[in-house]
Amino acid sequence: MSVERCLKGWIGQMKLELRGITKRFGALTANDHIDLTVEPGEIHALLGENGAGKSTLMNVLYGLYRAEEGEILLDDVAQHFAGPGDAMAAGIGMVHQHFMLIPVFTVAENVMLGHEETSFGGRLNLAAARAKVAEISARFGFHIDPDALIEDLPVGVQQRVEIIKALSRDAEVLVFDEPTAVLTPQETDELMVIMRQLKESGTSIVFITHKLREVREVADRITVIRLGKVVGEASPTATNAELASLMVGRAVELTVHKDEASPGADAFVVEGLSVIDPLGQLVVNNVSFTVRAGEILAIAGVQGNGQTELTEAIMGLQPQVRGEISLDGRSLRGLSVRKVLDAGVGFVPEDRQEDGLVGDFTIAENLMLDRSDGAPFARVGTLQLSYLSSFAEQKSAEFDVRSQGIQTPVSRLSGGNQQKVVLARELSRDLRLFVAAQPTRGIDVGSIEFVHKRIVATRDAGIPVIVVSTELDEVTALADRIAVMYRGAIVGIVPGNTPREVLGLMMAGEQPPAGTIIPPSAESSHSEGVVA
Amino acid sequence: MSDTTTPVAAAPATPPPASGSATGNEPDDGPRWHSVMRDIIGGSAMISVLAVVLALIAGAVLIALTDEKVQASAAYFAARPGDLVAAVLSAISGAYVALFQGSVYDFRQSEFLAGIRPITETLTFATPLIAAGLGVGLAFRVGLFNIGGRGQMLIAAACAGWVGWSFQLPAPLHLVLAILAGVVGGAVWGGIVGLLKARTGAHEVIVTIMLNFVALYLVMFLLRTPGLLQAPGTNNPISPAVMPSAILPKLFGPGFNLHWGFIVVIAATVYVAYLLNRSSLGFKFRAVGANPNAARVAGINVKSMYVYAMLISGGLVGLAGVNQMLGTVTSGFSSGIDAGIGFDAITVALLGRSRPWGIFAAGILFGAFKAGGFSMQASQGVPIDIVVVVQALIVLFIAAPPLIRATFRLPTPGGLEPGKPARPAKPADTTPATTPPATTTTKEAVR
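This is a predicted model, so every value here is computed, not measured. (Residues numbered from 1 in each chain as written. Chains lettered and ligands numbered in written order. Predicted model: local features only at pLDDT ≥ 70, side-chain atom pairs only at ≥ 80, totals over all residues.)

Details of the overall build of chain A
Consideration 1: Helix and strand counts for chain A stand at 18 helices and 24 strands.
Consideration 2: Computed over C-alpha atoms, the radius of gyration of chain A comes to 25 Å, within 12% of the 24 Å expected from 2.2 N^0.38 for 532 residues, which places it in the range of a compact globule.
Consideration 3: In terms of principal-axis extent, the alpha carbons of chain A reach across some 75 × 50 × 50 Å.
Consideration 4: In chain A, which comprises 532 residues, the share counted as buried stands at 52%.
Consideration 5: A sequence separation of at least 24 residues applies to 67% of the contacts in chain A between residues at least 6 apart. (Helix = DSSP H or I, 4+ residues; strand = E, 2+ residues; numbered from the N terminus. Rg over C-alpha atoms; globule rule 2.2 N^0.38 Å. Buried ≥ 20, exposed ≤ 12 C-beta atoms within 10 Å, placed from the backbone. Contact = placed C-beta atoms within 7 Å.)

See the structure below:
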């Protein structure tokens, strides 16, 4: 660390400038002559769709990629980072979207990891690390116990540990990569406060996100990038619509066009459902709800509050399930996945790459993944390949799957096109219930619109639909009714037009204000909004 | 972290499918085991061929180093360097010419029929290797590591042999029954593994290794105990000879060892190719092998796939045991009848990339090594162990594709792992088709 840097460190002011950064992957230009200047002590939001090149740019800054063209300047001095180590030494810190923490280590151990101070004989100087954590924690009012194990801490606090980690290495520019993806609305608000505090203490912040609301709330300046290029700068006073149209290059309608639902009779009923996971934890706790034919019930909640296990229990993917699940009066509980699918349940799993698709298989093969057994895809145990290819051609046209043909392995498709393949497969059967978990996670805006339209069309065809989502925008756009889950239980079931502040509180486990819970409907004898 | 491999390793996650926040949405840190499996299966044919070439080059170095003339001339290298070069060249060419003569065509023979004898020997050696290789390769495709070839072969040989010497039956029927008995024996021994894995989650690697021991000592016990499998009137652990009616007939008359087992193995290859590529069951096998989670969510019963796959795999490996029993060692068998084929089969399956016809070709190559190795030793005095080393090196090189790529400066292949186009260049193939039209066509969709 140079002397100048030490001096700068006292003042805590560093100007970061990226000039003409160009990064190519083969013929794809992920970053095309991007200029970005982050003034000392400002929060600079980098706004863009998934795939716009934000993360690539930050990986260049952090020394993970080497740019083909362009340079990085800190206080007008050109830098050459061979790896993250160099970037860190120069004062750049990164708070990754997926925390780089070791769950079984304490906060102090994680903070010193990679920069361990040792005394004689290689003995770890844990006291120094503890003191450092305590000092930074006190400075920003984090209230973090240096000896707490990471795995015992809530997600929001783990993120603060990441921040401490960066600050303990004298970071003067902090890069936050999609920091709010894993947070509750309340934790998000707290993070905004922390970011402002950091700014006041002289740290510059690069805030990568695609969420307009947060940008407008906290950023001093906004740079919008699209398809690898800077398409504009905006001030936080710009409207959501202005920012969104910059991001996608056209006017987008953020809301989904749907008519008023005309729900029919109760079709899908879950009563007193509990799930015990393989580790013996009660992950879904006595959940009851009803979905009527032709309505969308959205299940909202922060990731990891039992939604995953709930959908898995419905699909027959969870071994230990108590309670009752019935579809059109027929019990689904204890049935194999095969039988649940045969009963007419369509399922979009939340992790399409892990659970929804076989990456090495072609589009065509993935389209028959669930029906390779019998007619029309197989006859006497032999695959009917000519039928399969005509089916696949038709479905990829119908669902607008953009590829180089039905023999393309799905691993080569973009996230949005992969999701369309899953959707095409699941909506090609005769459905009596449709369950979509995180249907638009990590896909581009165009595909999001397509997926939303399909979901609404499924509802309008008179099919009960369950949408599980952690994105409040998606929940409020799609839902006719919203069930909020917290720690495995349903906090309450509220109408689709419930304000997001109320939903946010419910996602943090607070009871909804009286009057918002839908009373057990007159035509239904099933209790709703059960709280364990 | 700071070396140049980091960008390459990290690059794939970000390019086009979904960079931004989605770097983390495309994780493939699922079961590591399966990504290893995918690597093994997914390697390209070019890698296999180059692995063989590289192993042969390494073998040439060993041949030169162990050659006495080379060693002698190296002693006076400074005085006459030409001697050393000549000695090295003659040692290597002598050895590989002998290998060729012993395995393909012996051009020293005047008659054509005598000349082609080596190739028939190669095919004879290849027959059980292909059968067992198909078994191991099929298991690979389902994501299972069947290293229980030895046990499955021993049980199969015992079953086939017992039918072969215990019954008096007309020739074709007797033979067919004996083959079936062996295949069923192997299938049962393999099926036990599948059942244990499906029911209890026991790892097939451990179970197959342990069952190898069980099979070995079981067969040894049966061979030592009078009244069971031991030949009457002997004290040695050896079985009676198989009756002529149950022996696989020679294909080209008594002058050649090649027998009908080779035809059976061709049929088996055709069957496995159909099973994997054209059948419903094979489709489910491959789905389970490539992504068991997605297979399960799509309603495929993963556990029963494990059982079926191990049954068929064991049956195919059993066919190798049958082949040894009814084709090669018809005079009665001992516990060494598997001749290491169960383990060589793993190599064959790897070299053949678990594709049926790839395994067929790899089996023939290894058959050639076996046949030619003997002639190399006999005519040139090259230790046969060198052939074994070459075989081992082939596996080593196949298991380390980056080594091959670095040696031959091949580009890094892409698209092996879902969501991770491993070659940064790969996105180029997809982006023109996806990204630019996305803006235009979805516009229409909005209207």
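Once you've had a look at it, read on.
Concerning the nonpolar core
Consideration 1: Formed by 207 residues in total, the largest nonpolar core has its most connected members in A:Val484 and B:Ala160.
Consideration 2: Beyond its immediate sequence surroundings of up to four residues, A:Val484 is in contact with A:Ala300, A:Gly301, A:Ile490, A:Val491, A:Gly492, A:Leu503, A:Met506 and A:Met507.
Consideration 3: With 65 residues, the next largest nonpolar core counts A:Leu18, A:Val161, A:Val173 and A:Leu191 among its residues. (Core = buried A, V, L, I, M, F, W, Y, C linked by C-beta atoms within 7 Å.)

Notes on the sheet that holds strand 17 (residues 330–331) of chain A
Residues and elements named next belong to chain A.
Consideration 1: Ordered by their spatial adjacency, 4 strands build an open sheet running 14-13-16-17, and the pairing between neighbours is antiparallel. Of all strands in the sheet, those bounded by a partner on one side alone are strand 14 (282–292) and strand 17.
Consideration 2: Where strand 16 (residues 321–327) lies against strand 17, 2 bridges are found, and the strand directions are antiparallel. Within strand 17, the position partnered with Ser-326 by the bridge is Ser-331.
Consideration 3: Relative to strand 14, helix 10 (residues 307–315) is tilted by about 65°, and along the sheet it contacts strand 13 (266–276), strand 14 and strand 16. (Pairing = 2+ DSSP bridges. Axes fitted to C-alpha atoms, helices over the stretch in contact; angles between N-to-C directions.)

Things to note about the sheet that holds strand 22 (residues 465–468) of chain A
Residues and elements named next belong to chain A.
Consideration 1: An order of 18-21-22-15-23-24 is seen for the 6 strands of this open sheet, with the pairing classed as mixed. Among the strands making up the open sheet, the edge pair consists of strand 18 (345–348) and strand 24 (489–495). Neighbour-to-neighbour, the strand axes of this sheet turn through a mean angle of 15°, independent of strand direction.
Consideration 2: Direction of pairing for strand 18 relative to strand 21 (residues 433–437): parallel, over a ladder of 4 bridges. Bridging across to strand 21, Gly-346 finds its partner in Phe-434.
Consideration 3: On top of the sheet, helix 18 (residues 500–507) reaches strand 15 (296–300), strand 23 (481–486) and strand 24; it is set at about 30° to strand 23, its chief contact.

Quick look at the packing of helix 8 (residues 149–166) of chain B against helix 14 (residues 302–328) of chain B
Residues and elements named next belong to chain B.
Consideration 1: Contact geometry for helix 8 and helix 14: axes closest at 7 Å, N-to-C directions at 50°. One element, helix 8, and the other, helix 14, form an angle in the oblique class. Where helix 8 crosses over helix 14, the handedness of that crossing is right-handed. Of helix 14, the residues touching helix 8 (which contributes Gly-149, Gln-152, Met-153, Leu-154, Ala-156, Ala-157, Ala-160, Gly-161 and Gly-164) are Gly-314, Val-317, Gly-318, Ala-320, Gly-321, Val-322, Gln-324, Met-325 and Leu-326.
Consideration 2: Considered class by class, the residues forming the contact of helix 8 with helix 14 number 10 nonpolar, 8 polar and no charged. (Parallel < 35°, antiparallel > 145°, perpendicular 65-115°, else oblique. Left-handed = near helix turned anticlockwise from the far one by under 90°. Nonpolar A, V, L, I, M, F, W, Y, C, P; charged D, E, K, R; others polar.)

Points about the pairing of strand 6 (residues 92–95) of chain A
Residues and elements named next belong to chain A.
Consideration 1: Residue alternation in strand 6 divides its side chains into two sets, Ile-92 and Met-94 and Gly-93 and Val-95, and both sets are buried.
Consideration 2: One ladder, built from 4 bridges, connects strand 6 with strand 9 (residues 173–177); its direction is parallel. Among the inter-strand pairings, Gly-93 is bridged to a residue of strand 9, identified as Leu-174.

A word on the packing of helix 9 (residues 171–200) of chain B against helix 14 of chain B
All names here are of chain B.
Consideration 1: Where helix 9 meets helix 14, the closest approach of the two axes is 6 Å, and the angle between their N-to-C directions is 145°. For helix 9 against helix 14, the interelement crossing comes out right-handed.
Consideration 2: Across the contact of helix 9 with helix 14, the residue classes break down as 18 nonpolar, 12 polar and 2 charged.

Section: the environment of A:Val337
Residue and element names in this part refer to chain A.
Consideration 1: With respect to the secondary-structure elements, Val-337 resides in helix 11 (residues 337–342).
Consideration 2: Classification of Val-337 as buried rests on a count of 22 C-beta atoms within 10 Å.
Consideration 3: Distance in space between the C-alpha atoms of Val-337 and Gln-318 is 9.7 Å, their sequence separation being 19 residues.

Digging into the confidence of the model for chain B
Residues and elements named next belong to chain B.
Consideration 1: With 82% of its residues at a pLDDT of at least 70, chain B reaches an overall mean of 81.
Consideration 2: Mean pLDDT in chain B bottoms out at helix 19 (residues 427–446), which sits at 34, and peaks at helix 11 (residues 261–278), which reaches 96.
Consideration 3: Contacts of residues 1–31 to residues separated by more than four positions or lying in other chains number 94 contacts, the stretch itself having pLDDT below 50.
Consideration 4: Contacts for the low-pLDDT stretch residues 414–447, under 50 throughout, to residues beyond four places or in other chains number 90 contacts.
Consideration 5: Scoring the predicted complex yields pTM 0.74 and, for the interface, ipTM 0.77. (pLDDT = per-residue confidence, 0-100.)

Quick notes on the environment of A:Pro179
Residues and elements named next belong to chain A.
Consideration 1: Inspection of the secondary structure assignment puts Pro-179 in the loop between strand 9 and helix 7 (185–200).
Consideration 2: Pro-179 sits 12 residues away from Leu-191 along the chain, and the two C-alpha atoms are 8.5 Å apart.
Consideration 3: Each residue touching Pro-179, except ones within four places of it in the same chain, is listed here: Val-95, Gln-159 and Leu-191.

Overview of helix 5 (residues 126–140) of chain A
The α-helix winds at 3.6 residues per turn, so residues separated by three or four positions along the chain end up facing the same way.
Residue and element names in this part refer to chain A.
Consideration 1: Taking 1.5 Å of rise per residue, 15 residues should cover 21 Å, and helix 5 covers 21 Å from first to last C-alpha, within 8% of that figure.
Consideration 2: Ala-129, Val-133 and Ser-137 are the residues of helix 5 that are buried. Relative to the axis of helix 5, the buried residues are bounded by an arc of 65° and lie together on one face. Summarising the geometry of helix 5, the exposed residues directed more than 90 degrees from the buried face are Ala-127, Glu-135, Ala-138 and Arg-139.
Consideration 3: Contacts from the buried residues of helix 5 go to helix 4 (107–112) and helix 6 (155–168).
Consideration 4: Looking one or two residues beyond helix 5, the residue adopting positive phi is Gly-141, at roughly 65°. (Expected span 1.5 Å × (residues − 1). Arc of directions from axis to C-beta.)

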